[in-house]
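Topology and contacts: notes
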Amino acid sequence: MTGRGANGRRGLRGHAGKTSALARLLHKECIELLEAYRNSESLPSSPVAGDYLVSIPPLVPQLSDAEKISILRAALKECLRLLEDVITREDADFSDEDSEYRRKRKTVRDRLGHLLASTEQLVDGHKFEAEVKEELDGQAAGGSFGLKKWIVRVLQELVHWTGQTSDTLHSLPAEMEKTPKTMSRRTRKGGAGKIRK
Amino acid sequence: MQGWVILALLLSLGVLHSRGQNGPSELAVPHSLTLQPDLPAQTLSLTWQSDSSLFDIEIFHTELMNVVLNETVAVTAGPVTGQRGWTWRSPSPLECTSHSVQIRARNQQSVSQWSPLQTIPGSDIPEKSESYMYPQDKVVPVGSNMTFCCIVKEKYNFKEIMYKGQTMNATRLSRRAYAITVTNQPASDNTGTNVVCCSPMFTLTGAVVFVGYPPGDEGLVCETRDLASAECSWKKGRDTHLRRKINRTNYTLNGRDCLEANEGKTWMCNWKVWEENWTLVARNPLGTVRLTDSAQLADRVHLLAPANVTAVEVEAWNATLKWSWPVAAYKKLEMICQLKLIGHELSSTRNYSGTGLSSVMLEDLWPDVDYTVTVRCGSKHAFWKSGDESAPYSIHTKMDRPDALDVWLWMDSSNTGRVFWKPLSERESHGALVGYKVSQSSAEEDMWTPVSLPPERLNYPIILNNSSDITVAVAAQNPAGLSQPSAVTTPAYRADSQLSVSELLGTHGTFELSWQPNANASRGYVVEWVPTGCRGLCPVNWEKVPESDRSFTVKPDSLEGGVRYTVSVYVLSAGAASLLQRWQGYSQEMIPAQSVVELSVNQTGSDVLLSWKASAMEHQRGFIRGYTIYLANAARLDLVANISDPEVRSYRVKGLPLSSYKFIVKAYTSAGEDMGLTVAIKMEIETAEMLFVGILVPLAAMFCCLILISICCYKKREWVKKAFYPEIPGPKVPGDWSSPQGPLDVKPSPHSLVHIVESPEWDFSKKGLVPVPEEEEEFENDNIEVDTDSDEPALLRYYNHVVGDGSHSNHVSDSSGSSTASGGSTQTEVTYTGIQSPSSSQGVCDGGGYRPQMQSAADPAEPQGEFEADFQDDSLNTGYKPQCSWQLDSPEAENLSGSLGSPTSVTSSQFLLPESSEEKPQSSNTWFHSFLSGKS
């Protein structure tokens, strides 16, 4: 932090742009992944009933960009965990034959990891945690369709949170340019886990 | 007291008995009905107590009280408990909705009352408010029928149930429960078949059904690779379509799990000890397959591949190969090994046997060849199968001297020839050739003179300096050395002209030859075929035939269609080859490539003679069988002649009318005729005839005409004289005209004309020849070209135009100038009645000779302009006008009676021509016209 000057801010803006593009790409791939899964399973396009699996603090305007990104990053982190659980469970239950869905699934998982790594440089030390209301274990009673329904919910969750992150990052560079000091000050004063749950 | 008790019992028994025998109430109601559902099996077990053995059973969907079952069943009581039990299999999962059951006893038509309803709750009871679908994760065989039900979450509406993405017809079971029935289900995909229940907005719930087949594995075979352990394998068989891991086929071999097979990776199972009897059990949720195998270890030896295959010694014709075994126990095994050699166009398989075989010698290899060798072995006794094949190993054999060449000497003249030899194949050369050595020697000089030639040369020219034969020897050379030389002695040259060369017809592109055997053919025969007429470096082909053969077929690959070949059979003996037979022929005849040459056409009178020459032999491409002659007529060809004798090379077309003709001459072979050569001729009259007809005949005709005219004129000379030169009589003057006898030399003024007016009342004393006033002369002179008073001048002018100027001059000369004589006579009594001069007024200008008196019909007093107008009219309208019109036009002519204008002798008052008012005007010009037009 201490060494970050004008070059550092320019570098930050440049990095934010790249991260924004990465998030936009990931969001698109998540949509494609959900579509691929629905197609492979002949599932209807209507959403699976249920609330969002991941909950985060409200993104009120008073929050700084870094705080918003940190909160969204926490949600994405949970999404990645949910996705990996799903992959593990899916591979355990069914044969691991190659398919378009499985290729896209791997791509999304890898890219989500890259996005988390990329956003880490933008959160400026803030650390938040997101809450997951339901877990895969609780869906065991639902049988195989319970797993499939869970996969759809996780993929819906991915689409939602990557979309949120993409939108937030897309509006980031201009605001960051306006309020670099605020970010800096908040970081210095607040430190990590200001709204930690 | 005891008596009252007994009475009461009897009464009560009597009442009971009476109930049992009268009406429904007589059968006891089954009691103690209990329901025991088996949800996965979708069965409901009923147990009850009753003395009856026949029962009516009714099952309802509780909420809507829809009867699901109404059946009468006979049920026996259990021997121990005395309970009666019956099981019902529900078509739909029992969880779909609550089911209620009632039962009553039946004895023929008598039935008891229904037992109280017993109900098993479904998942659609209010206490369970979530969405559910049943059955879950069921595994069923392909083609089975199933009913799925969806229980909709409280406060949600039902929209549809989809099976594999397709909306199905749903029936309502209860307030929240809906069901579909799927028949003849197809096999599932990887993750099963999804059945999804949807509300209008959301995907509520669903189920997965796994539709597949029971295991189809077959063909268990166990063998040993190391002479100790067992390796069992089988064929997977039909795909079960059950990919969910818990539904996969599970394999056990002699009770032990086959881990790799259960992973679905391989279809084999190993065990470290050979057990002779093997049982494989394959099981999945839909069925079980049991496979067995039984064998002794020695009967199931499947050897591993030999390792480290190497060639320890490689020669030109053999090599020694060695290898090692990965299992030591193989060294004591009697085995048979198969070596597969693959070379360039050389492949073979060889078998070797021995105990623990690890080395063999490969024989009968070919020199300078790359071989690839593989080895695989099997147990010799109780051979089970060949072992695994070793990795391929390459060897290259050494070179050796080439084989002897096939040599032939072809003579193209009596003292020149060329020795040919066939190239050696790779199998014959035993190494890349570096060249050839050609040596020749004659009988006189017992000395070989070798010549080295490069490997691409396949012939060498031979020149015989003297009459003695020479022997040529050719040897091929490669790095390993020289081949055995092949010698050939020059055969005697025999030109085709010296022989009776037979015509040879090809058969399907080949030549099928046969000849009479020759006793001298100790070394067989040579069949040689060369393009006929070829000189120098020719494609000479030959084939050596054993002495026992009398026939040979020249294959089409060395023959070319349309080429004439000279095929010779030579007898091979110790000395030079001698010619036995010779043919010429085409393996395949074609139409001539070039038509006839030097085609010419000559006219002889009305005949035409066509002549030509045959084309060169190389263009004939077949034996010429004849010629066809066509006459090209517009777009078609008319056959004129077909000359089937090819030696005839001319044809006369007779009796052609004068015209232009185009002839096409085509040569033909057995394959057809060529395009032909065209020649054109224009038939004309010959020169002498043309001279006769064109010049002499007209000249003769003209001459005859002239003679005839001359004769005619001579015969009619009097008439001609009268007509052209009428005798002019001298003037007869009454009285004494003592004039000197000399010629009358009267020279009137050329400008004086006498106007003679005839009038009955004329007073000669008063009036005579009245000199025409000067004005009138001038008038007439002025109108000399447009004299409208008389037609005669006009007619003459017309004829002058027709016959030429000569007549004009004649006319002038014809005009008598006698008027000049009369002019001088003022007292003459001669009455001139309007004698018309044949000459025009122009003749007046001459002034010489006799001239008839001219009388102008025109009134001198008339204005000049009218004449001009009339003239113009005449000239414009006709140019020539008959005299009748003149009479009409001339007012004075009426007074001249009808003779006016007729020639009149000056000495006579009689008209020279018949008096006819109509004919008079025609007098002088009609005969002239007739004369000119040929009429007499």
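Heads up: these notes are all about the structure in this document. A quick note: this is a predicted structure, and the numbers were derived from the prediction, not measured. (Residues numbered from 1 in each chain as written. Chains lettered and ligands numbered in written order. Predicted model: local features only at pLDDT ≥ 70, side-chain atom pairs only at ≥ 80, totals over all residues. Heavy atoms only, no water.)

**Things to note about the overall build of chain B**
When helices and strands are counted, chain B shows 14 helices and 56 strands. Across the 936 residues that make up chain B, the buried fraction comes to 40%. Considering only residue pairs separated by 6 or more positions, chain B has 64% of its internal contacts joining residues 24 or more positions apart. Accessible surface computed for chain B: about 50,500 Å², of which carbon and sulfur atoms make up 53%. (Helix = DSSP H or I, 4+ residues; strand = E, 2+ residues; numbered from the N terminus. Buried < 20%, exposed > 50% of the residue type's maximum accessible area, 1.4 Å probe, protein only. Contact = heavy atoms within 4.5 Å. Areas by Shrake-Rupley, 256 points an atom, 1.4 Å probe, with all protein chains shown as cover.)

**Brief notes about the side chain of Gln-185 of chain B**
Residues and elements named next belong to chain B. Position of Gln-185 relative to the elements: it lies in the loop between β15 (177-182) and β16 (193-198). For Gln-185, a relative accessible area of 0% corresponds to the buried category. If we ignore the near neighbours within four places in the chain, the residues touching Gln-185 are Val-140, Val-142, Gly-143, Ser-144, Asn-145, Met-146, Phe-148, Tyr-163, Val-209 and Val-211.

**Structural notes on the sheet that holds strand β40 (residues 502-505) of chain B**
Residues and elements named next belong to chain B. If you walk across this open sheet you meet the five strands as β40-β46-β45-β42-β43, and the pairing is mixed. Of all the strands in the sheet, the pair left with one neighbour each is β40 and β43 (541-545). In this sheet, neighbouring strand axes are inclined to one another by 25° on average, regardless of whether the strands run parallel or antiparallel. Both strand β45 (residues 564-571) and strand β46 (residues 578-586) contribute to a ladder of eight bridges, which runs antiparallel. Looking at β46, one finds that Val-571 is bridged to Ser-578. (Pairing = 2+ DSSP bridges. Axes fitted to C-alpha atoms, helices over the stretch in contact; angles between N-to-C directions.)

**Observations regarding the state of the cysteines**
All told, the structure shown has six disulfides over all chains when counted by the stated rule. Here Cys-258 of chain B engages in a disulfide with Cys-269 of chain B; their sulfurs sit 2.0 Å apart. With the S-S bond torsion at -100°, the cross-link from Cys-258 of chain B to Cys-269 of chain B turns out left-handed. With Cys-258 of chain B in the loop between β21 (256-257) and α2 (259-262) and Cys-269 of chain B in strand β22 (residues 268-271), this pair connects stretches of sequence that are eleven residues apart. According to the relative accessible area criterion, Cys-258 of chain B is buried, its value standing at 1%. Paired by a disulfide, Cys-337 of chain B and Cys-377 of chain B hold their sulfur atoms 1.9 Å apart. Taking the sign of the S-S torsion, 105° for the link of Cys-337 of chain B and Cys-377 of chain B, the bridge is right-handed. With Cys-337 of chain B in strand β27 (residues 334-343) and Cys-377 of chain B in strand β30 (residues 370-379), the pair connects residues that are 40 residues apart, well separated along the chain. Take Cys-337 of chain B: its relative accessible area is 1%, and that puts it in the buried class. Here Cys-30 of chain A stays free of any disulfide, with the sulfur of Cys-79 of chain A as its closest cysteine sulfur at 8.2 Å. (Disulfide = S-S within 2.5 Å.)

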